[in-house]
Protein chains: 2
Amino acid sequence: MSASSSAAAAASLSEQPAVWARIRLADRRDVPNIHRLIFQMAEFERLTHLFHPTESSLSSTLFPSPPLPPFRSFTVLILELSGSPISNAGIDADEEEKLGFRPIVRRISLDVPVEDADSTVFASPQRDGLVVAGYLLCFPNYSSFEGRPGLYVEDIFVREAWRRKGMGRMLLEAAARDAARLGYGRVEWCVLDWNKNAISFYEEMGAEVLPQWRICRLSGEALGKYAGDDEAACGC
Amino acid sequence: MSASSSAAAAASLSEQPAVWARIRLADRRDVPNIHRLIFQMAEFERLTHLFHPTESSLSSTLFPSPPLPPFRSFTVLILELSGSPISNAGIDADEEEKLGFRPIVRRISLDVPVEDADSTVFASPQRDGLVVAGYLLCFPNYSSFEGRPGLYVEDIFVREAWRRKGMGRMLLEAAARDAARLGYGRVEWCVLDWNKNAISFYEEMGAEVLPQWRICRLSGEALGKYAGDDEAACGC
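Residues numbered from 1 in each chain as written. Chains lettered and ligands numbered in written order. Predicted model: local features only at pLDDT ≥ 70, side-chain atom pairs only at ≥ 80, totals over all residues. Heavy atoms only, no water.

J.: Run through the packing of aromatic side chains, naming residues and quoting values.
T.: Residues and elements named next belong to chain A. Using the criterion set out here, one finds 14 aromatic pairs over all chains in the structure. Between Phe-39 and Phe-51, the aromatic rings sit 5.0 Å apart at their centres with planes inclined by 85°, giving edge-to-face as the arrangement. Here Phe-51 lies in the loop between α2 (31–44) and α3 (55–62) and Phe-39 lies in helix α2, a separation of twelve residues in the sequence. Residue class for Phe-39 comes out partly exposed when judged on its relative accessible area of 33%. (Phe/Tyr/Trp six-rings, centres within 6.5 Å; stacked < 30°, edge-to-face > 60°. Helix = DSSP H or I, 4+ residues; strand = E, 2+ residues; numbered from the N terminus. Buried < 20%, exposed > 50% of the residue type's maximum accessible area, 1.4 Å probe, protein only.)

In structure tokens, the structure reads:
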């Protein structure tokens, strides 16, 4: 996408009374945008000191060749916007069908024009005029009490300019739709206890917030010391 | 295993000043024991009203054919005990090597004889004289802040008769060893905030307990209503 067409896309988005939002599966071409989105999420969560991914690490870990079916392994959904109705152009429909995810498109009314200063940076790699506004990252987990898999949503993120317009809900609904379709028993994710807006939003969607469970984490040097933990063990 | 040899195994375990503990990969033959262990865990966590698995559901979801490499998908480790030193007998060493998990064996001293009333029920399907005492269930998760996978431990469980002997630690160390070997960034699990013994144990192992995160869960009817959530969406 050229700089001038990106600028035109940004202008067209901000002047519209509505945008068209599409959720599709990410692929390797989305890695630079995913990397930027994760950094913005780290800023929002006040955790930039914990931000370590590179485009290379994201590409090799999230997008194996050949790709795995969505929701069976690490899966990224991309939310992208257009000032005009979105058609199939730019999506390989056969491939989407084969991979098992049906893109979702909705028209979203805007009460006031949206100023998106980052729209050029977040141009979609798929087609001129589309701007990436958010993402969802998920993978299967397992509930032994259910005796079947569930879906864990690691990240749901919408860029600041596009929040409070139902796009986070749209992302989470997309994941819940496919989890239910696959017969998964639960969709789970985590929230920071100070993020009251998010908690209200999740409860409105029908989620319980579990008060008693705490996450334990072994990482860095504390994990590394188990790597060669064979002094008291014997292979047999 | 015959009832008489099971009884002999139980007697030999309880009379020894030590037991030999082995951790190995589970396979389909372990499903009846895994089912019983999950139920005992539900009893311990006061959550039997949430216990839903059947042997059939565990078998089909945990043990696909052909098997997947351990720690790349749902993985169950089995802890089993013997009153005499454990050798390779009963384990297909080539298969273990191929699958990428090296069994761990340790001798564990007993201060006092252990009364294990359930040892007959929990006879190992692998060999006479081995009794299953616990399990660990884990699967890969993903950290976008690390830009790489981690390992999530869904369950660590040791039957009551065999607790406080280092076997839970042995299970968790086995998972941490392979997570570190695979280059995973973290090992994570959850703990109930009232389980102070477990929290102390995890902190001694080097884990942080994260105070601010809460789990959100969409399940049952609340999840089901998203299954056909296409009234406002269009496939494209």
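J.: Talk me through the relation of the copies chain B and chain A; I want residue IDs and the actual numbers.
T.: Overlaying chain B with chain A gives an RMSD of 0.0 Å, the required rotation being 180° about an axis along which the chain moves by 0.0 Å. Given the turn and translation reported, the copies of this chain are related as if by a two-fold rotation axis. Taking the C-alpha atom as reference, chain B places B:Arg214 closest to the rotation axis, 3.5 Å from it. With an isologous cut-off of 70% or more, the 100% of interface residues of chain B that recur at the interface of chain A puts this contact in the isologous class. (Least-squares fit on C-alpha atoms with pLDDT ≥ 70 in both. Contact = heavy atoms within 4.5 Å.)

J.: Give me the confidence of the model for chain A: which residues, what numbers.
T.: Residues and elements named next belong to chain A. Here chain A averages 88 in pLDDT, while 85% of its residues score no lower than 70. Within chain A, no element has a lower average pLDDT than strand β9 (residues 234–235), which sits at 33, and none a higher one than strand β4 (residues 131–143), at 98. Here residues 230–236 is modelled with pLDDT under 50, and outside its nearest four sequence neighbours on either side it reaches 16 contacts, counting other chains as well. Here the complex is predicted with pTM 0.88, and the ipTM for its interfaces comes to 0.87. (pLDDT = per-residue confidence, 0-100.)

J.: Give a description of the interface of chain B and chain A that names residues and reports values.
T.: At the junction of the two partners, chain B supplies 81 residues and chain A supplies 81 residues. Taking both sides of the interface into account, the surface hidden between chain B and chain A amounts to around 7700 Å²; carbon and sulfur atoms contribute 59%. Area buried by chain B at its contact with chain A is led by B:Phe145, B:Trp213 and B:Arg217, which between them contribute 12% of it. Remark: the boundary between chain B and chain A carries four salt bridges. As a salt-bridge pair, A:Asp193 and B:Arg214 come within 3.6 Å of each other at their nearest N and O atoms. Here chain B and chain A share 26 residue pairs in polar contact (both at pLDDT 80 or more) between them. A breakdown of the residues in the side of chain B that touches chain A according to their chemical character gives 47 nonpolar, 14 polar and 20 charged. (Buried area = accessible area lost by both parts, 1.4 Å probe. Salt bridge = Lys/Arg side-chain N within 4 Å of Asp/Glu carboxyl O. Polar contact = N/O pair within 3.5 Å; in protein donor to acceptor, adjacent residues only side chain to side chain. Nonpolar A, V, L, I, M, F, W, Y, C, P; charged D, E, K, R; others polar.)

J.: Provide a residue-level description of the environment of B:Ala207, including the pertinent values.
T.: By the secondary structure assignment, B:Ala207 is in the loop between α6 (196–204) and β7 (208–210). Overall, the relative accessible area of 8% leaves B:Ala207 in the buried class. For the pair B:Ala207 and B:Leu58, spaced 149 residues apart in sequence, the C-alpha separation works out to 29 Å. Setting aside its immediate chain neighbours within four residues, B:Ala207 contacts A:Arg217, A:Leu218, B:Trp189 and B:Tyr202.

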